[in-house]
Amino acid sequence: MSEFKDMVLADLDIFVNGDEFAEDHDLNGTLCKAVVDTMDSQENFYTGQTYEPYGGISGRLIKVYVKASDLPEIPAEGMVFRVDDEPLIVNKASEEMGVVVITLHGSEG
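Residues numbered from 1 in each chain as written. Predicted model: local features only at pLDDT ≥ 70, side-chain atom pairs only at ≥ 80, totals over all residues. Heavy atoms only, no water.

### Things to note about the overall build of the chain
Reasoning step 1: The number of helices and strands found in the chain is 2 helices and 6 strands.
Reasoning step 2: Shown N-terminal to C-terminal, the secondary structure of the chain runs as helices and strands in the order α-β-β-α-β-β-β-β.
Reasoning step 3: Scored against the burial criterion, the 109 residues of the chain give a buried share of 33%.
Reasoning step 4: Sequence-distant contacts, at least 24 apart, represent 55% of the contacts inside the chain between residues at least 6 apart.
Reasoning step 5: When the accessible surface of the chain is split by element, carbon and sulfur atoms take 51% of a total near 6900 Å². (Helix = DSSP H or I, 4+ residues; strand = E, 2+ residues; numbered from the N terminus. Buried < 20%, exposed > 50% of the residue type's maximum accessible area, 1.4 Å probe, protein only. Contact = heavy atoms within 4.5 Å. Areas by Shrake-Rupley, 256 points an atom, 1.4 Å probe, with all protein chains shown as cover.)

Quick look at the structure:
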């Protein structure tokens, strides 16, 4: 493995670490360390991301960062994915350098 890849893998252990940023979460039935970022509409405006509500239902956008090795599979777009027993819909999911980034939306309240 390249020196750069080794450094990235070492950084994953810092980012997805309970003493640093991550916390224990139940991700679709798998208990693991993850960083869950809830973004409000103001943050979405500044980052250039948009969330179009479905059928007039407003909601919130959530991003989950988890080690790829901690999830049995990368969720598919449009599927229901539970975060701490809350059902959410997957907007996008991809693996980026050993981390699965899942963007989800859910209804308010």
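### Section: the pairing of strand β4 (residues 80-83)
Reasoning step 1: Side chains F81 and V83 project from β4 onto a buried face, and the interleaved V80 and R82 project onto a face without burial.
Reasoning step 2: Relative to strand β5 (residues 86-96), β4 runs antiparallel, the two sharing 4 bridges. For R82, the partnering residue across the bridge sits in β5 and is P87.
Reasoning step 3: Counting the residues that bridge the hairpin from β4 to β5 gives 2 residues, and of these D84 lies at a positive phi of roughly 50°. (Pairing = 2+ DSSP bridges.)

### Considering the environment of L104
Reasoning step 1: Residue position: L104 is located in strand β6 (residues 99-107).
Reasoning step 2: For L104, a relative accessible area of 0% gives the class buried.
Reasoning step 3: Residues L104 and L88, 16 residues apart in the sequence, show an inter-C-alpha distance of 6.1 Å.
Reasoning step 4: Sequence-distant contacts of L104, that is, excluding residues within four places in its chain, are made with R60, L61, I62, V64, F81, V83, L88, I89, V90 and N91.

### Observations concerning the confidence of the model for the chain
Reasoning step 1: The pLDDT averaged across the chain works out to 77; a share of 62% of its residues lies at or above 70.
Reasoning step 2: Long-range and interchain partners of residues 41-48, a stretch whose pLDDT sits below 50, account for 4 contacts in this model, where long-range means more than four residues apart. (pLDDT = per-residue confidence, 0-100.)

### Considerations on the nonpolar core
Reasoning step 1: The biggest cluster of nonpolar side chains holds 14 residues, and the ones touching the most others in it are L27, V64, V66, F81, V83, I102 and L104.
Reasoning step 2: Sorting the residues of this core by element identifies β2 (30-39), β3 (59-67), β4, β5 and β6 as the ones contributing at least two each.
Reasoning step 3: In this structure L27 touches C32, A34, V64, V66, L71, F81, R82 and V83, once residues within four positions along its chain are discounted. (Core = buried A, V, L, I, M, F, W, Y, C linked by side-chain atoms within 4.5 Å.)

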